[in-house]
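Here is how the chains run, residue by residue.
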Amino acid sequence: MFLNTALVVLTDLAARLLGNKLFRQHFHLLLSAALVFGPALSFWVSQHSIFARRSHFLYRLFLRSGWGWTCVFVGSFVFLLSYSIRRSLLLSLRHLSRLAVAGGLWLCFCKLLDLLENTTGSCYESLHTGLEVPDGQPLLVLREGESKSECLKAGMVWRGYEVSEDVFLLCLCCLLLAEETAVFGPYLSLGGTSDAPLRILFLFCVLLLGLWIFLLLCLLAYFPQFPTQLLGGALGCLSWRGLYQGWYRMGPSWYCPGRPGQGLLNKKPSSTEAEDALSHNHYN
(Lines give C-alpha, C1' and ligand atoms only; values in the text may rest on other atoms or scores of the structure.)
Protein backbone atom coordinates (compact mmCIF):
# COMPACT_ATOMS: atom_id res chain seq x y z
CA MET A 1 0.00 0.00 0.00
CA PHE A 2 2.79 2.40 0.95
CA LEU A 3 4.80 1.59 -2.19
CA ASN A 4 1.77 2.13 -4.40
CA THR A 5 1.06 5.49 -2.75
CA ALA A 6 4.69 6.54 -3.17
CA LEU A 7 4.58 5.48 -6.82
CA VAL A 8 1.44 7.53 -7.46
CA VAL A 9 2.84 10.62 -5.73
CA LEU A 10 6.20 10.45 -7.55
CA THR A 11 4.69 9.87 -10.97
CA ASP A 12 2.08 12.60 -10.48
CA LEU A 13 4.79 15.11 -9.55
CA ALA A 14 6.99 14.08 -12.47
CA ALA A 15 4.04 14.20 -14.89
CA ARG A 16 3.16 17.72 -13.76
CA LEU A 17 6.75 18.86 -14.24
CA LEU A 18 7.20 17.32 -17.70
CA GLY A 19 3.77 18.56 -18.81
CA ASN A 20 4.31 22.04 -17.41
CA LYS A 21 4.19 24.82 -20.00
CA LEU A 22 7.34 26.56 -18.75
CA PHE A 23 9.31 23.32 -18.72
CA ARG A 24 8.24 22.42 -22.24
CA GLN A 25 9.04 25.89 -23.54
CA HIS A 26 12.48 26.16 -21.97
CA PHE A 27 13.90 22.64 -21.69
CA HIS A 28 15.78 22.91 -24.97
CA LEU A 29 17.19 26.24 -23.78
CA LEU A 30 18.45 24.56 -20.60
CA LEU A 31 20.21 21.93 -22.70
CA SER A 32 21.71 24.65 -24.90
CA ALA A 33 22.99 26.50 -21.83
CA ALA A 34 24.53 23.28 -20.52
CA LEU A 35 26.33 22.75 -23.83
CA VAL A 36 27.74 26.28 -23.85
CA PHE A 37 28.71 26.63 -20.18
CA GLY A 38 29.12 22.96 -19.23
CA PRO A 39 32.84 22.77 -20.13
CA ALA A 40 33.47 25.45 -17.49
CA LEU A 41 32.69 22.78 -14.88
CA SER A 42 36.09 21.25 -15.69
CA PHE A 43 37.67 23.94 -13.49
CA TRP A 44 35.80 22.66 -10.42
CA VAL A 45 35.63 18.89 -10.90
CA SER A 46 38.43 16.56 -9.86
CA GLN A 47 40.21 14.65 -12.58
CA HIS A 48 40.73 11.86 -10.03
CA SER A 49 37.00 11.24 -9.80
CA ILE A 50 35.59 7.90 -10.92
CA PHE A 51 33.63 9.75 -13.61
CA ALA A 52 36.88 11.02 -15.13
CA ARG A 53 37.59 7.53 -16.50
CA ARG A 54 36.05 6.47 -19.78
CA SER A 55 36.05 2.91 -18.51
CA HIS A 56 33.44 3.72 -15.85
CA PHE A 57 30.53 1.29 -15.98
CA LEU A 58 27.97 4.08 -16.59
CA TYR A 59 29.73 5.02 -19.83
CA ARG A 60 30.17 1.41 -20.89
CA LEU A 61 26.71 0.20 -19.91
CA PHE A 62 24.53 3.14 -20.90
CA LEU A 63 26.36 5.59 -23.15
CA ARG A 64 27.47 3.06 -25.76
CA SER A 65 23.92 1.71 -26.10
CA GLY A 66 22.00 4.89 -25.28
CA TRP A 67 19.60 4.64 -28.18
CA GLY A 68 18.71 1.07 -27.26
CA TRP A 69 17.86 2.01 -23.66
CA THR A 70 15.78 4.94 -24.88
CA CYS A 71 13.85 2.83 -27.37
CA VAL A 72 13.14 0.07 -24.83
CA PHE A 73 11.69 2.31 -22.13
CA VAL A 74 10.09 5.03 -24.25
CA GLY A 75 8.74 2.50 -26.75
CA SER A 76 7.21 0.40 -23.97
CA PHE A 77 5.63 3.46 -22.37
CA VAL A 78 4.23 4.85 -25.64
CA PHE A 79 2.83 1.48 -26.70
CA LEU A 80 1.25 0.69 -23.33
CA LEU A 81 -0.27 4.17 -22.98
CA SER A 82 -1.71 4.30 -26.49
CA TYR A 83 -2.97 0.71 -26.47
CA SER A 84 -4.57 1.01 -23.03
CA ILE A 85 -6.53 4.07 -24.21
CA ARG A 86 -7.65 3.03 -27.70
CA ARG A 87 -7.08 -0.74 -27.85
CA SER A 88 -5.87 -0.22 -31.40
CA LEU A 89 -2.71 -1.94 -32.53
CA LEU A 90 -2.43 0.24 -35.66
CA LEU A 91 -2.69 3.45 -33.63
CA SER A 92 -0.06 2.19 -31.20
CA LEU A 93 2.28 1.29 -34.06
CA ARG A 94 1.74 4.74 -35.59
CA HIS A 95 2.88 6.38 -32.36
CA LEU A 96 5.81 3.98 -32.12
CA SER A 97 6.88 4.93 -35.64
CA ARG A 98 8.15 8.26 -34.28
CA LEU A 99 10.94 6.34 -32.57
CA ALA A 100 11.72 4.46 -35.77
CA VAL A 101 11.98 7.73 -37.70
CA ALA A 102 14.21 9.31 -35.05
CA GLY A 103 16.37 6.18 -34.96
CA GLY A 104 16.75 6.19 -38.74
CA LEU A 105 17.70 9.87 -38.67
CA TRP A 106 20.27 9.20 -35.94
CA LEU A 107 21.83 6.34 -37.91
CA CYS A 108 22.00 8.44 -41.09
CA PHE A 109 23.72 11.29 -39.27
CA CYS A 110 26.19 8.86 -37.68
CA LYS A 111 27.10 7.48 -41.12
CA LEU A 112 27.47 10.99 -42.51
CA LEU A 113 29.65 12.05 -39.58
CA ASP A 114 31.88 9.00 -40.04
CA LEU A 115 32.17 9.81 -43.73
CA LEU A 116 33.04 13.42 -42.91
CA GLU A 117 35.75 12.40 -40.45
CA ASN A 118 37.32 9.86 -42.83
CA THR A 119 37.22 12.38 -45.70
CA THR A 120 38.66 15.38 -43.87
CA GLY A 121 40.98 13.66 -41.37
CA SER A 122 44.42 12.10 -41.60
CA CYS A 123 46.27 9.37 -39.74
CA TYR A 124 49.62 10.04 -38.11
CA GLU A 125 52.18 7.70 -36.60
CA SER A 126 54.34 8.82 -33.71
CA LEU A 127 58.04 8.89 -34.59
CA HIS A 128 60.13 7.91 -31.60
CA THR A 129 63.54 9.50 -31.84
CA GLY A 130 66.16 10.69 -29.40
CA LEU A 131 65.70 14.31 -30.47
CA GLU A 132 64.21 16.79 -28.06
CA VAL A 133 60.92 18.20 -29.31
CA PRO A 134 59.43 21.52 -28.15
CA ASP A 135 56.57 21.20 -25.62
CA GLY A 136 57.27 17.50 -25.33
CA GLN A 137 55.12 16.70 -28.38
CA PRO A 138 56.30 13.68 -30.42
CA LEU A 139 57.07 13.95 -34.11
CA LEU A 140 54.25 12.65 -36.30
CA VAL A 141 54.54 10.99 -39.70
CA LEU A 142 51.57 11.02 -42.06
CA ARG A 143 50.14 7.61 -42.94
CA GLU A 144 48.01 7.71 -46.05
CA GLY A 145 45.13 5.36 -46.92
CA GLU A 146 44.12 4.65 -43.32
CA SER A 147 40.54 5.03 -42.09
CA LYS A 148 39.85 6.39 -38.63
CA SER A 149 38.92 3.01 -37.17
CA GLU A 150 42.01 1.33 -38.62
CA CYS A 151 44.21 4.20 -37.46
CA LEU A 152 43.01 4.15 -33.87
CA LYS A 153 43.04 0.34 -33.75
CA ALA A 154 46.73 0.42 -34.73
CA GLY A 155 47.48 2.81 -31.87
CA MET A 156 48.18 5.79 -34.11
CA VAL A 157 46.86 9.36 -33.95
CA TRP A 158 43.87 10.61 -35.94
CA ARG A 159 43.37 14.31 -36.57
CA GLY A 160 40.51 15.88 -38.47
CA TYR A 161 37.14 17.58 -38.23
CA GLU A 162 34.94 15.86 -35.66
CA VAL A 163 31.42 16.12 -34.25
CA SER A 164 30.71 14.48 -30.90
CA GLU A 165 28.33 11.60 -31.58
CA ASP A 166 27.89 10.97 -27.83
CA VAL A 167 26.64 14.50 -27.17
CA PHE A 168 24.48 14.35 -30.31
CA LEU A 169 22.84 11.14 -29.08
CA LEU A 170 22.34 12.36 -25.50
CA CYS A 171 20.74 15.65 -26.59
CA LEU A 172 18.44 13.89 -29.04
CA CYS A 173 17.42 11.29 -26.42
CA CYS A 174 16.76 13.95 -23.76
CA LEU A 175 14.53 15.99 -26.06
CA LEU A 176 12.75 12.87 -27.31
CA LEU A 177 12.09 11.66 -23.75
CA ALA A 178 10.74 15.06 -22.74
CA GLU A 179 8.39 15.09 -25.74
CA GLU A 180 7.07 11.56 -25.44
CA THR A 181 6.51 11.62 -21.67
CA ALA A 182 4.93 15.11 -21.55
CA VAL A 183 1.60 13.64 -22.66
CA PHE A 184 1.21 11.71 -19.39
CA GLY A 185 0.38 14.85 -17.37
CA PRO A 186 -2.57 15.96 -19.56
CA TYR A 187 -3.73 12.32 -19.70
CA LEU A 188 -3.91 12.13 -15.90
CA SER A 189 -5.57 15.54 -15.66
CA LEU A 190 -8.36 14.26 -17.91
CA GLY A 191 -9.04 11.43 -15.47
CA GLY A 192 -7.27 8.74 -17.45
CA THR A 193 -6.79 5.42 -15.70
CA SER A 194 -3.22 4.46 -14.95
CA ASP A 195 -2.30 1.20 -13.31
CA ALA A 196 1.04 0.35 -11.71
CA PRO A 197 2.82 -0.99 -14.87
CA LEU A 198 2.16 2.23 -16.78
CA ARG A 199 3.30 4.39 -13.89
CA ILE A 200 6.43 2.28 -13.40
CA LEU A 201 7.33 2.62 -17.07
CA PHE A 202 6.79 6.36 -16.88
CA LEU A 203 9.00 6.56 -13.79
CA PHE A 204 11.73 4.59 -15.58
CA CYS A 205 11.55 7.07 -18.46
CA VAL A 206 11.93 9.97 -16.03
CA LEU A 207 14.91 8.30 -14.36
CA LEU A 208 16.44 7.64 -17.77
CA LEU A 209 16.02 11.31 -18.67
CA GLY A 210 17.83 12.26 -15.47
CA LEU A 211 20.60 9.78 -16.26
CA TRP A 212 21.12 11.17 -19.77
CA ILE A 213 21.34 14.72 -18.39
CA PHE A 214 23.85 13.56 -15.78
CA LEU A 215 26.00 11.76 -18.37
CA LEU A 216 25.86 14.82 -20.63
CA LEU A 217 27.16 17.02 -17.81
CA CYS A 218 29.87 14.44 -17.05
CA LEU A 219 31.08 14.47 -20.67
CA LEU A 220 31.13 18.27 -20.73
CA ALA A 221 32.90 18.55 -17.38
CA TYR A 222 35.40 15.69 -17.48
CA PHE A 223 36.04 15.40 -21.23
CA PRO A 224 35.58 18.95 -22.63
CA GLN A 225 36.06 19.09 -26.39
CA PHE A 226 35.13 22.44 -27.86
CA PRO A 227 33.63 22.89 -30.44
CA THR A 228 32.99 19.22 -31.30
CA GLN A 229 30.56 18.78 -28.38
CA LEU A 230 28.78 22.02 -29.20
CA LEU A 231 28.34 20.88 -32.80
CA GLY A 232 27.01 17.50 -31.65
CA GLY A 233 24.50 19.17 -29.34
CA ALA A 234 23.42 21.58 -32.06
CA LEU A 235 22.85 18.66 -34.42
CA GLY A 236 20.72 16.89 -31.80
CA CYS A 237 18.61 20.00 -31.19
CA LEU A 238 18.15 20.57 -34.93
CA SER A 239 17.06 16.95 -35.38
CA TRP A 240 14.48 17.32 -32.62
CA ARG A 241 13.19 20.60 -34.00
CA GLY A 242 12.91 19.22 -37.51
CA LEU A 243 10.90 16.21 -36.29
CA TYR A 244 8.80 17.28 -33.32
CA GLN A 245 8.49 20.98 -34.14
CA GLY A 246 8.22 20.48 -37.88
CA TRP A 247 7.24 17.23 -39.51
CA TYR A 248 5.18 15.66 -36.68
CA ARG A 249 3.02 18.77 -36.32
CA MET A 250 1.62 18.25 -39.82
CA GLY A 251 -0.90 15.79 -38.39
CA PRO A 252 -1.24 12.00 -38.73
CA SER A 253 -1.28 10.67 -42.27
CA TRP A 254 0.37 7.96 -44.34
CA TYR A 255 3.61 9.96 -44.40
CA CYS A 256 3.48 11.49 -40.88
CA PRO A 257 2.98 9.73 -37.51
CA GLY A 258 1.68 12.88 -35.82
CA ARG A 259 2.76 14.44 -32.55
CA PRO A 260 2.68 12.65 -29.15
CA GLY A 261 -0.79 12.26 -27.71
CA GLN A 262 -2.61 13.05 -30.93
CA GLY A 263 -5.69 10.86 -31.23
CA LEU A 264 -5.44 9.76 -27.59
CA LEU A 265 -6.56 12.73 -25.51
CA ASN A 266 -10.11 13.10 -26.73
CA LYS A 267 -12.18 11.21 -24.23
CA LYS A 268 -13.65 14.41 -22.83
CA PRO A 269 -14.71 17.71 -24.41
CA SER A 270 -11.89 19.54 -22.65
CA SER A 271 -9.34 17.17 -24.18
CA THR A 272 -9.20 19.24 -27.34
CA GLU A 273 -7.71 22.01 -25.26
CA ALA A 274 -5.22 19.56 -23.81
CA GLU A 275 -4.09 18.48 -27.27
CA ASP A 276 -3.83 22.11 -28.35
CA ALA A 277 -1.70 22.80 -25.31
CA LEU A 278 0.61 19.98 -26.27
CA SER A 279 0.96 21.32 -29.80
CA HIS A 280 1.07 25.08 -29.20
CA ASN A 281 2.58 25.47 -25.73
CA HIS A 282 5.93 24.34 -27.04
CA TYR A 283 9.21 26.06 -27.44
CA ASN A 284 9.83 29.62 -28.53
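One structure accompanies this document, and this report is about it. Being a predicted model, the structure only gives us computed values, none of them experimental.

## Overview of the packing of helix α4 (residues 66–86) against helix α7 (residues 165–181)
Part 1: At their nearest, the axes of α4 and α7 sit 11 Å apart, and the two run at 5 degrees to each other. Taken together, the axis directions place α4 and α7 in an arrangement best described as roughly parallel. Between α4, through Gly66, Trp67, Thr70, Val74, Phe77 and Val78, and α7, the contact on the second element is made entirely by Leu169, Leu172, Cys173, Leu176, Leu177, Glu180 and Thr181.
Part 2: Of the residues in the contact of α4 with α7, the class split is 9 nonpolar, 3 polar and 1 charged.

## Comments concerning the state of the cysteines
Part 1: Under the defined criterion, the tally for this structure stands at 1 disulfide.
Part 2: The side chain of Cys123 participates in a disulfide bridge whose partner is Cys151; the two sulfur atoms lie 2.2 Å from each other. Here Cys123 and Cys151 share a disulfide; its torsion about the S-S bond, 85 degrees, makes the bridge right-handed. One end of the pair, Cys123, is in strand β1 (residues 122–127); the other, Cys151, is in helix α6 (residues 148–153), with 28 residues separating them in the sequence.
Part 3: Taking relative accessible area as the criterion, Cys151 reaches 0% and is therefore assigned buried.
Part 4: There is no disulfide at Cys108, and the cysteine sulfur nearest it, in Cys110, is 9.3 Å away.

## Comments concerning the packing of aromatic side chains
Part 1: Counted under the stated rule, the structure contains 18 aromatic pairs.
Part 2: Taken together, the ring pairs in this structure connect Phe62, Trp69, Phe73, Phe204 and Trp212 into an aromatic cluster.

## Observations regarding helix α2 (residues 21–37)
Part 1: Over its 17 residues, α2 extends 25 Å from the first C-alpha to the last, a length consistent with the 24 Å expected when each residue adds 1.5 Å.
Part 2: At Phe27, α2 shows its largest bend, some 40 degrees.
Part 3: For α2, every residue scored as buried is listed here: Phe23, Arg24, Gln25, Phe27, His28, Leu31, Ala34 and Leu35.
Part 4: For α2, the N-terminal capping position is held by Asn20, with its side-chain oxygen 2.9 Å away from the main-chain nitrogen of Leu22.

## What about the packing of helix α1 (residues 2–19) against helix α9 (residues 196–222)?
Part 1: For the pair α1 and α9, the least separation of the axes is 10 Å and the interaxial angle reads 55 degrees. Our classification of the angle between α1 and α9 gives oblique. In this structure, the crossing between α1 and α9 has a hand that is left-handed. Residues Leu7, Val8, Thr11, Asp12, Ala14, Ala15 and Leu18 of α1 touch α9, and the partners they reach there are Ala196, Arg199, Ile200, Phe202, Leu203, Val206 and Leu209.
Part 2: Its residues assigned to classes, the contact of α1 with α9 shows 11 nonpolar, 1 polar and 2 charged.

## Looking at the nonpolar core
Part 1: Formed by 68 residues in total, the largest nonpolar core has its most connected members in Phe77, Phe184 and Trp212.
Part 2: Ranked by residue count, the leading element in this core is α9, at 15 residues.

## Focus: the pattern of salt bridges
Two side chains with opposite charge may pair up if their charged atoms get near one another.
Part 1: Enumeration according to the criterion identifies 5 salt bridges in this entry.
Part 2: Between Glu180 and Arg98 there is a salt bridge; the shortest N-O distance is 2.8 Å. Of this pair, Glu180 sits in helix α7 while Arg98 sits in helix α5 (residues 89–120), placing them 82 residues apart in sequence.
Part 3: Using a relative accessible area of 2% as the deciding quantity, one classes Glu180 as buried.
Part 4: Taking the relative accessible area as the measure of exposure, Arg98 reaches 1% and is therefore buried.

## A word on a nonpolar patch on the surface
Part 1: On the surface, Leu41, Phe43, Trp44 and Leu217 cluster together to form a nonpolar patch covering roughly 500 Å² of accessible area.
Part 2: Its location among the elements puts Leu217 in helix α9.
Part 3: According to the relative accessible area criterion, Leu217 is partly exposed, its value standing at 33%.

Thresholds, definitions, all that
- Residues numbered from 1 in each chain as written.
- Predicted model: local features only at pLDDT ≥ 70, side-chain atom pairs only at ≥ 80, totals over all residues.
- Heavy atoms only, no water.
- Axes fitted to C-alpha atoms, helices over the stretch in contact; angles between N-to-C directions.
- Helix = DSSP H or I, 4+ residues; strand = E, 2+ residues; numbered from the N terminus.
- Parallel < 35°, antiparallel > 145°, perpendicular 65-115°, else oblique.
- Contact = heavy atoms within 4.5 Å.
- Nonpolar A, V, L, I, M, F, W, Y, C, P; charged D, E, K, R; others polar.
- Disulfide = S-S within 2.5 Å.
- Buried < 20%, exposed > 50% of the residue type's maximum accessible area, 1.4 Å probe, protein only.
- Phe/Tyr/Trp six-rings, centres within 6.5 Å; stacked < 30°, edge-to-face > 60°.
- Expected span 1.5 Å × (residues − 1).
- Bend = angle between axes of the 7 residues up to and from the residue.
- Polar contact = N/O pair within 3.5 Å; in protein donor to acceptor, adjacent residues only side chain to side chain.
- Left-handed = near helix turned anticlockwise from the far one by under 90°.
- Core = buried A, V, L, I, M, F, W, Y, C linked by side-chain atoms within 4.5 Å.
- Salt bridge = Lys/Arg side-chain N within 4 Å of Asp/Glu carboxyl O.
- Patch = residues over 30% accessible without salt bridge, like charges linked within 9 Å, V, L, I, M, F, W, Y side chains within 5 Å.
- Areas by Shrake-Rupley, 256 points an atom, 1.4 Å probe, with all protein chains shown as cover.

Any functional reading would require information that these geometric values do not contain.
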